[in-house]
Amino acid sequence: MADCDAAPALQANEVNDVPVIDLSILSAAYLVAEIRDACENWGVFQVINHGVPLELQAKFELVMKKFFAQPVAEKRKLRKDVDVENPYDYGYEEFVENVDDWKEVFDFPLEKETMMPASTGDGERDMRELIHSWPEYPPNFREACEEYGREMEKLSYRLMELICLSLGVQRQRLNGFFKDHCNMGRIIHCPPCPTPHAALGTHRHTDVGALTVLSQDDVGGLEVLRRDGEWVQVKFIPNAYVVNVGDMLEVWSNKKYQSLVHRAKVNSERERFSVPFFFNPALYVVVEPLEELTDEENHAKYRALHWGKYYGSRKYGNFKNPDMDVLRLNNFMVSE
Ligand SMILES: O=C(O)CCC(=O)C(=O)O
Ligand SMILES: [Fe+2]
């Protein structure tokens, strides 16, 4: 882990100034303006009154806690492996080795089958199917995860449409890219950490997809890098979701909206749960700045990129190179 990520340097600003957007407000023009402002200046906002049923969130939380409360040997039966030869692409994984991220996770997909490029090489065309694993205990785990994921997906589409309007393009301009999406939920559990000053729950990174919709518990700990270089805590708001811009939205918007750099702290006393839902395009999609947003004066700032391969570079790289996790998009930047 890079020194700049170690906790002694973490003097995050206490003030909660990450924008909060009330989605029950009826004026579309108002919402669109709020979203434009948040995406342009922050790359992150929280949404409240979003329409996701509270009972569904509560049911999901109960089930995920039951899963993680099991002995580690049980959870390891669902272990996914970073090695391409090994079977699971979704499932359980631990990153709790000393200086690595202090957490265990369970990843779940929403699609029954997803094909992705087998390697990140330019000329390679081989595809492989992503393989799922689901636990038998708790018995309603899969159902609760899929129900939750579908709600997150609905919310993501709604947000994406507001984002399109905020960019001045047609409301459903980006929807087609998500037809065969590879959306994924990740349940993160950070056990209490005896050395919170020397570890992070999640190290500094940007999310590679389009949008992330995250719920964190009241332990909090999520921090975002503000444009002025300050780390700012994302305050826990009951029943809110944290929404952030990912790399693909940065490309489509021709950098009008920038992908958010963020990380999460651990707690020495309390375990922490956090659930990001990654809203990702279909793996065959080629992503490039929208033509409506480029012209003679505003040249495309990015070259076209193949999302499946880009995703693979994160997935197969598996957070092993912290610098890579904030700089990956630079490889596709067009020099001025
Ligand atoms: O632990 C957290 O809350 C942050 C998780 C996150 O940013 C991610 O998994 O991409
Ligand atoms: Fe993230």
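Refer to the preceding data block for the structure.
Residues numbered from 1 in each chain as written. Chains lettered and ligands numbered in written order. Predicted model: local features only at pLDDT ≥ 70, side-chain atom pairs only at ≥ 80, totals over all residues. Heavy atoms only, no water.

## Digging into the overall build of the chain
Heads up, the condition is: Counting from the N terminus, the helices are the DSSP runs of H or I reaching at least four residues and the strands are the DSSP runs of E reaching at least two. Note on classification: 1.4 Å probe, protein chains only; a residue is buried when its accessible area is under 20% of the maximum for its type, exposed when over 50%, partly exposed between these limits. Pairs of residues are marked as contacts when any of their non-hydrogen atoms sit within 4.5 Å. Shrake-Rupley sampling with a 1.4 Å probe provides the accessible areas, and residues are treated as covered by the protein chains on show and by no other component.
When its secondary structure is counted, the chain shows seven helices and 16 strands. Counting all 336 residues of the chain, 53% fall into the buried class. Long-range pairs, those at least 24 residues apart, make up 79% of the contacts in the chain between residues at least 6 apart in sequence. About 15,200 Å² of surface is accessible on the chain, with carbon and sulfur atoms providing 49% of the total.

## Things to note about the coordination of the iron ion (ligand 2)
Short version of the rule: A donor here means any N, O or S atom no more than 2.8 Å from the metal (3.2 Å for Na, K and Ca); water is not included, so a site may seem to lack partners.
Protein ligation of the iron ion (ligand 2) involves His-205 (NE2), Asp-207 (OD) and His-262 (NE2), the donor distances falling in the range 2.1 to 2.2 Å. For the iron ion (ligand 2), all donor residues lie on one chain, and their spacing in sequence is H-x1-D-x54-H. Of this pair, Asp-207 sits in the loop between strand 8 (202-205) and strand 9 (211-216) while His-262 is found in strand 13 (residues 262-264), placing the two residues 55 residues apart along the sequence. Of the two residues, Asp-207 and His-262, neither departs from the other in class, the shared state being buried.

## Some points on the site of ligand 1
Applied cut-off: The near set for a molecule or strand comprises every residue that places at least one heavy atom within 4 Å of it. Definition of a polar contact: a pair of N or O atoms within 3.5 Å, with one able to donate and the other able to accept a hydrogen when the atoms are protein atoms, and with sequence-neighbouring residues admitted only if both atoms are side-chain atoms.
Near ligand 1, the surroundings consist of Ile-188, Thr-202, His-205, Asp-207, Leu-214, Leu-222, His-262, Ala-264, Arg-272, Ser-274, Pro-276 and Phe-278. A distance of 2.7 Å is found between an oxygen atom of ligand 1 and a side-chain nitrogen or oxygen belonging to Ser-274. Those elements that provide at least two residues to the shell around ligand 1 are strand 8, strand 13 and strand 14 (272-279). With four residues, the top contributor of residues to the shell around ligand 1 is strand 14.

## Considerations on helix 2 (residues 54-68)
An α-helical turn contains 3.6 residues, so a residue and the one three or four places further along point in the same direction. Let me state the cut-off plainly: Helix span is expected to be 1.5 Å times the residue number reduced by one. Arc definition: it is the arc formed by the directions from the helix axis to the C-beta atoms.
In this model, helix 2 (15 residues) spans 21 Å end to end at C-alpha, consistent with the 21 Å of a helix rising 1.5 Å per residue. Residues of helix 2 that are buried: Leu-56, Gln-57, Phe-60, Val-63, Met-64, Phe-67 and Phe-68. In an axial view of helix 2, the angular spread of the buried residues amounts to 135°, which keeps them on one side of the axis. The exposed set on the far side of helix 2, more than 90 degrees from its buried face, consists of Glu-55 and Leu-62.

## So, the packing of helix 1 (residues 28-41) against helix 4 (residues 141-167)
To keep it simple, the criterion reads: In this analysis, axes come from line fits to C-alpha atoms, helices being fitted only over the stretch in contact, and the angle between any two N-to-C directions falls in the range 0 to 180 degrees. Angle categories are assigned with fixed cut-offs, so that under 35 degrees is roughly parallel, over 145 is roughly antiparallel, 65 to 115 is roughly perpendicular, and the rest are oblique. Nonpolar residues are Ala, Val, Leu, Ile, Met, Phe, Trp, Tyr, Cys and Pro. Charged residues are Asp, Glu, Lys and Arg, and all others, Gly as well, are polar.
Interhelical geometry of helix 1 versus helix 4 gives an angle of 85° and a closest axis separation of 9 Å. Comparing the axis directions of helix 1 and helix 4 gives the class roughly perpendicular. Touching Leu-31, Val-32, Ile-35, Arg-36 and Cys-39 of helix 1 are Leu-159, Leu-162, Ile-163, Leu-165 and Ser-166, all from helix 4. When the residues that make up the contact of helix 1 with helix 4 are grouped by side-chain class, the tally is eight nonpolar, one polar and one charged.

## Digging into the sheet that holds strand 10 (residues 222-225)
Note the cut-off: Two strands pair under a simple rule: DSSP has to find at least two bridges between them.
The antiparallel open sheet is built from four strands, whose spatial order is 8-13-10-11. A single partner strand is all that each edge strand has here, and the edge strands are strand 8 and strand 11 (231-233). Averaged over all pairs of adjacent strands, the angle between their axes in this sheet comes to 20°, without regard to strand direction. Two elements, strand 8 and strand 13, share two bridges in a ladder whose sense is antiparallel. Residue pairing for strand 13: His-205 is matched across the bridge by His-262.

## Looking at the nonpolar core
Here is a general trend for soluble globular proteins: nonpolar side chains tend to be buried in one another's company. Just so we agree on the cut-off: What we call a nonpolar core is a set of buried Ala, Val, Leu, Ile, Met, Phe, Trp, Tyr and Cys residues that are connected through their side-chain atoms within 4.5 Å.
Formed by 72 residues in total, the largest nonpolar core has its most connected members in Leu-159, Met-160 and Ile-187. When residues of this core are assigned to their parent elements, the largest contribution, twelve residues, is made by helix 4. Those residues in contact with Met-160 that sit more than four places away from it in its chain are Leu-174, Phe-178, Ala-210, Leu-211, Leu-249, Trp-252 and Phe-279. Within the second largest apolar cluster, ten residues are counted, among which are Leu-214, Val-232, Val-234 and Leu-260.

## Here we look at unusual backbone geometry
A cis amide bond, omega -10°, links Tyr-137 with the succeeding residue Pro-138. Within the secondary structure, Pro-138 sits in the loop between strand 6 (127-129) and helix 4. Within the chain, Asn-254 stands out as a residue other than glycine whose phi angle is a positive 55°. With relative accessibility at 6%, the residue Asn-254 sits in the buried group.

## With respect to the environment of Phe-332
The topology assignment puts Phe-332 in the segment after helix 7 (324-327). Here the alpha-carbon distance between Phe-332 and Val-251, two residues 81 residues apart in the chain, equals 9.2 Å. Among residues more than four places away in sequence, those in contact with Phe-332 are Lys-301, Tyr-302, Arg-303, Ala-304, Leu-305 and Tyr-310.

## A short note on the pairing of strand 3 (residues 91-95)
Most of strand 3 sits inside the fold, with four of its five residues counted as buried. With five bridges joining them, strand 3 and strand 4 (residues 103-109) adopt antiparallel strand pairing. From the neighbouring strand, Gly-91 faces strand 4, where its bridge partner is Asp-107.

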